Amino acid sequence: MNKKKIINDPVYGFINIPSEVVFDLITHPYFQRLRYIKQLGMTHLVYPGALHTRFHHALGAMHLMSLAIEVLRGKGHEITAEEEEAATIAILLHDIGHGPFSHALEHTLVNGIKHEDISMMMMEKLNVEFGGRLTLAINIFKGDYAKSFLPQLVSSQLDLDRMDYLNRDSFFTGVSEGVISFDRIIKMFNVLDNQLVIEEKGIYSIEKFLIARRLMYWQVYLHKTVIAGEMLLVKILERAKHLAVQGEKLFATPALQHFLKNDITEAEFFSSERHLLQFSKLDDQDIFASVKVWVDHPDRILSQLCTMLTQRNLYKVEISNDAPDEGRVRELRERVAAFLKVNETDVCYFVFTDMIRNRAYNAGSGNINILLKNNTVIDIAKASDLSNLESLDKTVKKHILCYPRII
């Protein structure tokens with residue numbers, strides 16, 4: 001069988017599958033599942049084109065890895081064929097542990113379990129299946145490799161994951177603020193003392209990259225209507241789980257049923273393969289098929305929440321720098337409870353507060369280092385003449401208040 005395939009990607013054009021083992025990983029059920037998990041969760045409720053998947057994203061990141069390695073080799077840095085394949089596999093599989101509607105799921109069904117840890121568990125299982133061929137890729141994924149620039153290409157402040165998702169998300173949403181000069185940035189990659197650095201002439205492309213990331217968070221990922229959709233899904237899953245634990249009969253696929261009925265701790269998830277088996281069968285379709293059926297569920301709260309989502313009658317979301325006034329929140333709860341005829345306990349599904357955070361650059365964690373012409377290295381925040389770049393290093397926290405539009 002010919003495993004040297006070419007994939008036509010809307011963002012980069014033709015992408016090569018570089019080796020047989022990479023082809024076999026792409027065709028594995030763990031990876032194919034990513035076809036059915038949208039990259040941007042509920043963002044299509046605001047930007048109708050945002051229907052691309054984590055499958056697209058992983059292939060795009062793999063393509064950027066091949067470009068980066070070609071550039072670094074061209075500058076005289078030794079990267080063996082084995083290291084190239086391992087780095088390619090590490091970036092290809094970096095998101096394999098994502099669940100459907102990732103962040104909504106992480107708050108409810110697999111509470112407190114990070115998708116990175118699930119990715120690692122899946123990679124270790126694949127390593128057994130592939131006879132140890134993924135050992136080096138796993139070391140690179142964990143950041144446990146002497147040539148530090150290889151793990152930095154997979155996960156850092158300027159990794160190929162971020163580079164692809166900014167490029168791809170701006171392409172599919174049509175938000176031009178997210179467009180970055182990915183090809184120029186990669187051409188500016190270099191290595192000094194085994195660390196990934198950016199040549200000085202690439203500094204403006206990095207400034208644009210960081211600002212684009214900040215703007216994409218406020219304009220796309222943390223858009224208030226996107227938040228409304230995600231919060232509504234979180235509340236739906238919370239209610240469904242509450243009912244399932246009480247013994248209520250709910251329509252759900254076997255995989256979703258497993259996570260609704262069982263309150264699985266992090267320790268339990270990683271100590272038994274049966275949880276991973278069910279998780280590997282979960283995708284967006286399991287969740288949304290259930291939501292459509294739950295519209296007619298006898299539980300009024302679950303039915304109401306699912307009706308709101310399917311009819312795009314989302315929460316009204318207010319975003320502010322200060323915590324919402326407690327008196328106003330209390331008044332909203334009383335009005336909603338009276339209007340929807342729900343008790344004080346259950347009104348929390350309809351009126352609640354939360355927080356969102358945005359930090360475009362974290363100078364203390366895997367800095368973006370600029371290689372000056374005199375062969376010294378300086379952090380981008382210090383090297384840049386943009387006065388607002390240092391402010392990107394601060395975590396911006398905002399309060400949100402959600403309540404139904406009927407009020």
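Preceding this paragraph is the structure being described.
None of the values given here were measured: they were computed from a predicted structure.

1. Re the packing of helix 9 (residues 160-173) against helix 11 (residues 203-221)
Consideration 1: At a closest axis distance of 11 Å, the pairing of helix 9 and helix 11 adopts a crossing angle of 50 degrees. Accordingly, the angle class assigned to the pair helix 9 and helix 11 is oblique. Of the two possible hands of crossing, helix 9 and helix 11 adopt the one that is left-handed. Touching Arg 162, Met 163, Tyr 165, Leu 166, Asp 169, Ser 170 and Thr 173 of helix 9 are Phe 209, Ala 212, Arg 213, Met 216, Tyr 217, Val 220 and Tyr 221, all from helix 11.
Consideration 2: Here the residues of the contact of helix 9 with helix 11 are counted per class, giving nine nonpolar, two polar and three charged.

2. Thoughts on the packing of aromatic side chains
Consideration 1: A full pass over the atoms with the stated rule returns nine aromatic pairs.
Consideration 2: Taking the centre distance of 5.1 Å and the plane angle of 65 degrees together, the rings of Tyr 12 and Phe 182 count as edge-to-face. In this pair, Tyr 12 sits in the loop between strand 1 (6-9) and strand 2 (13-16) while Phe 182 sits in helix 10 (residues 182-187), placing the two residues 170 residues apart along the sequence. Both residues of the pair, Tyr 12 and Phe 182, belong to the buried class.
Consideration 3: Between the NZ or CZ atom of Arg 35 and the centre of the ring of Phe 55, over which it lies, the distance is 4.0 Å.
Consideration 4: Over the aromatic face of Trp 218 sits the side chain of Lys 398, whose NZ or CZ is 5.6 Å from the ring centroid.

3. Brief notes about unusual backbone geometry
Consideration 1: Here the phi dihedral of Asn 194 falls at roughly 70 degrees; this positive angle occurs in a residue that is not glycine.
Consideration 2: Within the secondary structure, Asn 194 is located in the loop between strand 3 (189-192) and strand 4 (195-199).
Consideration 3: The residue Lys 341 is not glycine, and still its phi comes out positive at about 55 degrees.
Consideration 4: Structurally, Lys 341 can be placed in the loop between helix 18 (326-340) and strand 6 (352-358).

The rules behind each value
Residues numbered from 1 in each chain as written. Predicted model: local features only at pLDDT ≥ 70, side-chain atom pairs only at ≥ 80, totals over all residues. Heavy atoms only, no water. Axes fitted to C-alpha atoms, helices over the stretch in contact; angles between N-to-C directions. Helix = DSSP H or I, 4+ residues; strand = E, 2+ residues; numbered from the N terminus. Parallel < 35°, antiparallel > 145°, perpendicular 65-115°, else oblique. Left-handed = near helix turned anticlockwise from the far one by under 90°. Contact = heavy atoms within 4.5 Å. Nonpolar A, V, L, I, M, F, W, Y, C, P; charged D, E, K, R; others polar. Phe/Tyr/Trp six-rings, centres within 6.5 Å; stacked < 30°, edge-to-face > 60°. Buried < 20%, exposed > 50% of the residue type's maximum accessible area, 1.4 Å probe, protein only. Lys NZ or Arg CZ within 6 Å of the ring centre and 35° of its normal.

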